[in-house]
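These are the residues of each chain, in order.
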Amino acid sequence: MNRRDFLTELASLGIALELGPSLAHAGAPADRGAALPPAEAEYYAQNGDGSVTCGLCPHHETLRPGDFGRCRARINLGGVLQTYGVGQPCVLNVDPIEKNPLNHVLPGSSTLAIAHAGCNLRCQYCQNWQFSQECPRDTRNLRFDQAEAFALAREKQIKSLTFTYTEGTTHIEFNKRLAAAARKAGLRVCLCSNGYIQPKPLADFLEVLDAVTVTIKGFTDAFYQTCIGAAGLRPVLDSCQQIRKAGKWLEVATLIVPGLNDSDKELADIARWVQANLGPDTPWHLERFTPKFKMLNRPQTPQATLEEAMRLGQSEGLRFVYISNLAPHEGNHTRCARCRRPVIQRLGFKVLRNDLLNGQCPHCGTRLPGIWT
Amino acid sequence: MMGFLATLGLSVSAARAEMPAWERALRALDAHVHHLSLLNLVNGLNLTREQAAALRRLALHVEAAADAPPALAEPLPGALEAVRKTYADVAEALAAGRAVTPEAERRVAEARAAHVRFIRSTLLPKPLAPDSRCANCHTDPAAHRGGAQPMPLTPEVARQAELAHCAADYGWAGLVALTQVSPQVEKLLTAAQKAVFCDFSCCLVPPHDMGDPVRAGQADATAKELDLLRHVRACPAPHWPAARADLLPRFDAVTELVSPGATVERKAAVREAIAKALDHARSLSDTQFELEKAALARAVRDALQPPAADSPHKAAFFLLVPGSSKTYAELLRKAERAEQP
């Protein structure tokens, strides 16, 4: 054993302590590049009086000239709906695909994660609020080069592109084009969404998507109205069914916030609905809440709550229930639906061992649902 | 050096104690570092009640054979008391399940810097003899007339130092007991829990990077390295040569934090590796950088980190450190309280 390992962690602490003065002279990373001009949006109608009505999401907002939509990315400029979500992402990462969360899509692979600022919802506990609750004009964006990104993706054996961190449907115009190009470049395309979108744009987007994670944040209209900033739950459930009907791979996720959506009834209701409407093979991710944004006063989700939710999901007939944002935990692993032996073992987002053989359990031969190759 | 000694308050009365004051301080702060690591592991491994109970039993077995650990609450002389107090405060927060604030994190970094200065002030230029007593490599800071002198860690010296440190933590009988129960520790941990130890180094403050849900050890936390890279990229080209010249020597202090005995050669090697990563970061386009940044941040971190040796007893070493039985007992009490209606 190398005891000098003991001190490794101090390296990063030391960076902050020792290098601070030098870094202050080096430059400010918060400096943002000049925002690109907006481009005309799709999915809207002109009302003849200078106002426009956005048809992208169920907010169905009418915007007067100069008004931004709730998403902070779409704006009425002179009677034309324009979007700032056009090739100036604020996030570009190489992430494990499990982080989406997607546990049944190319496990252990890396995904090119991209996000523009903005979201049509106002989750009080948003875990990415620095990006989601901003206008793309106001974030530190990067000059995105699609050809360069795809070339690097090939070089790094990245297998997919994911719209995540913020709401990918908000920037649907740019994202549809990028998704189509990514598919041509041989990448699978995934979306992490709140599902709060109208059927027509969702149908268009689904044409260029392979897999979607939808967050079902709670199971009452009241919860969606008070904590999420949406009119209700129904559009989200409709989106889930539309995605399933379109034959796209779908996983659902619920961030469990203590005292808000953690009752046995609410969680069992979600599980029951998923089982009945999306099928028992739909993976359900139970995500641990960490105090963020406007809910700094709530505690982290207790481990016992997540474990009880997992038990509830399984007792409602869901075959693949996962615990996320808590690791190491047995709830991170994928188990065969039939023999219940672990077939993919994970440490958080990291795949430690994948025993699946062409999507089949190596022990009993059962085929597991998902996109494995 | 006498001034430094006076600052530390290593008094004549302390020197008269059975163990020299400088050795007592070295051992006590080392025990604090171990204790913090243990708390991080206990908080981050998500142990079940059964696992905690089993670890407590094994810890008691090792403790029965091991040397008694230094008393963590016992004050240390002079400036080292502030270091001890900072470590103890963080331990208290971690034990209570509270988050470590950025301010506390900053204090830990400062405490660690003072801790390292003290370690360096005790280091001899080379070992006195091929054995594993503390006094083989360390001495009373008052004995130094020319300031801290780093000891080159040849493989042979490193091996001796390793053994000496383990023996200092556990005592020889404790080490034997540890190796005996080590297979049982391996058996009771899950595969995922064991995987945490692959990259585990001592962890004063747990990682809180949401990019990785693992909260024990270093996980993949490179947030500060990333921040450094972004600052460096933001530096205007005309200012970069001066900023670079100012920045790189500062890594010497960081290298010492990681390796208190770092030699001039080691520091130069670190500087060179980091310079390479920083220059590369600056040469990339936005898109290239965003896709390369994780690897570059790891390169910076790895440059500072000496290559890690592995051991079949690593998990047991960290989990059964003398005094750990009390930590498990407290964990079990908490679990019991949580289960009460």
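Criteria and thresholds
- Residues numbered from 1 in each chain as written.
- Chains lettered and ligands numbered in written order.
- Predicted model: local features only at pLDDT ≥ 70, side-chain atom pairs only at ≥ 80, totals over all residues.
- pLDDT = per-residue confidence, 0-100.
- Contact = placed C-beta atoms within 7 Å.
- Pairing = 2+ DSSP bridges.
- Helix = DSSP H or I, 4+ residues; strand = E, 2+ residues; numbered from the N terminus.
- Axes fitted to C-alpha atoms, helices over the stretch in contact; angles between N-to-C directions.
- Parallel < 35°, antiparallel > 145°, perpendicular 65-115°, else oblique.
- Left-handed = near helix turned anticlockwise from the far one by under 90°.
- Nonpolar A, V, L, I, M, F, W, Y, C, P; charged D, E, K, R; others polar.
- Expected span 1.5 Å × (residues − 1).
- Buried ≥ 20, exposed ≤ 12 C-beta atoms within 10 Å, placed from the backbone.
- Arc of directions from axis to C-beta.
- Domains from an automatic or database assignment.
- Right-handed = clockwise from strand over helix to strand, strands pointing away.

Interpretation of the predicted coordinates at a detailed level should be avoided for regions scoring low in pLDDT. Across chain A, the average pLDDT comes to 92, with 91% of residues at 70 or higher. Considering only residues more than four positions removed or in separate chains, one finds that residues 25-32 of chain A, a stretch of pLDDT under 50, has 22 contacts.

Residues and elements named next belong to chain A. Taken together, 3 strands build an open sheet; the order of strands is S15-S16-S17 and the sheet is antiparallel. Only two strands of the sheet have a single partner each, and these edge strands are strand S15 (334-335) and strand S17 (350-354). Note that strand S16 (residues 342-347) and S17 share 4 bridges and pair antiparallel. Bridge pairing in S17 links leucine 347 to lysine 350.

Right, let's get into unusual backbone geometry. Residues and elements named next belong to chain A. With omega at 0 degrees, the peptide bond leading from asparagine 100 into proline 101 counts as cis. Of note, proline 101 is situated in the loop between strand S7 (91-96) and strand S8 (110-115). With an omega of 0 degrees, the peptide bond between alanine 327 and proline 328 qualifies as cis. Looking at the element boundaries, proline 328 is found in the loop between strand S14 (321-324) and S15. Positive phi is not limited to glycine here, since tyrosine 43 has a value of about 60 degrees. With respect to the helices and strands, the residue tyrosine 43 is situated in the loop between strand S1 (39-40) and strand S2 (44-46).

Turning our eyes to something else, we now look at the packing of helix H3 (residues 146-155) of chain A against helix H13 (residues 286-304) of chain B. Remark: H3 of chain A packs on H13 of chain B, axes separated minimally by 9 Å, with the N-to-C direction vectors making an angle of 30 degrees. By the angle between their axes, H3 of chain A is roughly parallel relative to H13 of chain B. When the axes of H3 of chain A and H13 of chain B are compared, the crossing they make is right-handed. Contact with H3 of chain A, carried on its side by Glu148, Ala149 and Leu152 of chain A, involves Thr287, Gln288 and Leu291 of chain B of H13 of chain B and no other residues of that element. In the contact of H3 of chain A with H13 of chain B, the residues fall into 3 nonpolar, 2 polar and 1 charged.

Another point: helix H12 (residues 264-283) of chain B. Residues and elements named next belong to chain B. For H12, built from 20 residues, the straight-helix expectation of 28 Å at 1.5 Å per residue is met to within 8% by its first-to-last C-alpha distance of 29 Å. All buried positions along H12 are accounted for by Val270, Ile274, Ala277, Leu278 and Ala281. Projected onto a plane normal to the axis of H12, the buried residues spread over an arc of 95 degrees and lie on a single side. Facing away from the buried side of H12, by more than 90 degrees, are the exposed residues Val264, Glu265, Glu272, Asp279 and Ser283. Contacts made by the buried residues of H12 are with helix H10 (223-234), helix H11 (240-258) and H13.

All names here are of chain A. Within the open sheet, the 3 strands sit side by side as S1-S6-S5. Their pairing is antiparallel. What marks the edges here is a single partner per strand, and that holds for S1 and strand S5 (74-77). Inspection of the sheet shows S1 paired to strand S6 (residues 80-83) by 2 bridges, in the antiparallel sense. Paired with alanine 39 across the two strands is threonine 83, which belongs to S6.

Once that is clear, we can look at the domain arrangement of chain B. All names here are of chain B. Annotation of chain B at the domain level lists domain 1 (2-201 + 308-339) and domain 2 (223-304). Between the C-alpha centres of domain 1 and domain 2 the distance comes to 29 Å. Facing 10 residues of domain 1, the contacting portion of domain 2 comprises 6 residues. Taken together, the residues of the side of domain 1 that touches domain 2 sort by class into 8 nonpolar, no polar and 2 charged.

Moving on, we come to the domain arrangement of chain A. Many structure descriptions define interface size as the accessible area lost when the parts assemble. Residue and element names in this part refer to chain A. Assigned domains within chain A: domain 1 (39-83) and domain 2 (91-354). The interface is formed by 14 residues belonging to domain 1 together with 18 residues belonging to domain 2. When its residues are assigned to classes, the side of domain 1 that touches domain 2 shows 8 nonpolar, 3 polar and 3 charged.

For the rest of this paragraph, the subject is the pairing of strand S9 (residues 160-163) of chain A. Residues and elements named next belong to chain A. Burial along S9 is two-sided: the face carrying Ser160 and Thr162 and the face carrying Leu161 and Phe163 are both buried. Here S8 runs beside S9; their pairing, made up of 4 bridges, is parallel. Bridging across to S9, alanine 113 finds its partner in threonine 162. Pairing geometry for S9 and strand S10 (residues 188-193), over 4 bridges, is parallel. The residue of S10 that forms the bridge with phenylalanine 163 is leucine 191. What joins S9 to S10 is helix H4 (residues 172-184), and the crossover it makes is right-handed.

Further remarks concern the environment of leucine 260 of chain A. Residue and element names in this part refer to chain A. Considering the arrangement of structural elements, one finds leucine 260 in the loop between strand S12 (249-256) and helix H8 (264-277). Judged by local crowding, leucine 260 falls into the partly exposed class, with 19 C-beta atoms found within 10 Å. Each residue touching leucine 260, except ones within four places of it in the same chain, is listed here: Phe223 and Cys227.

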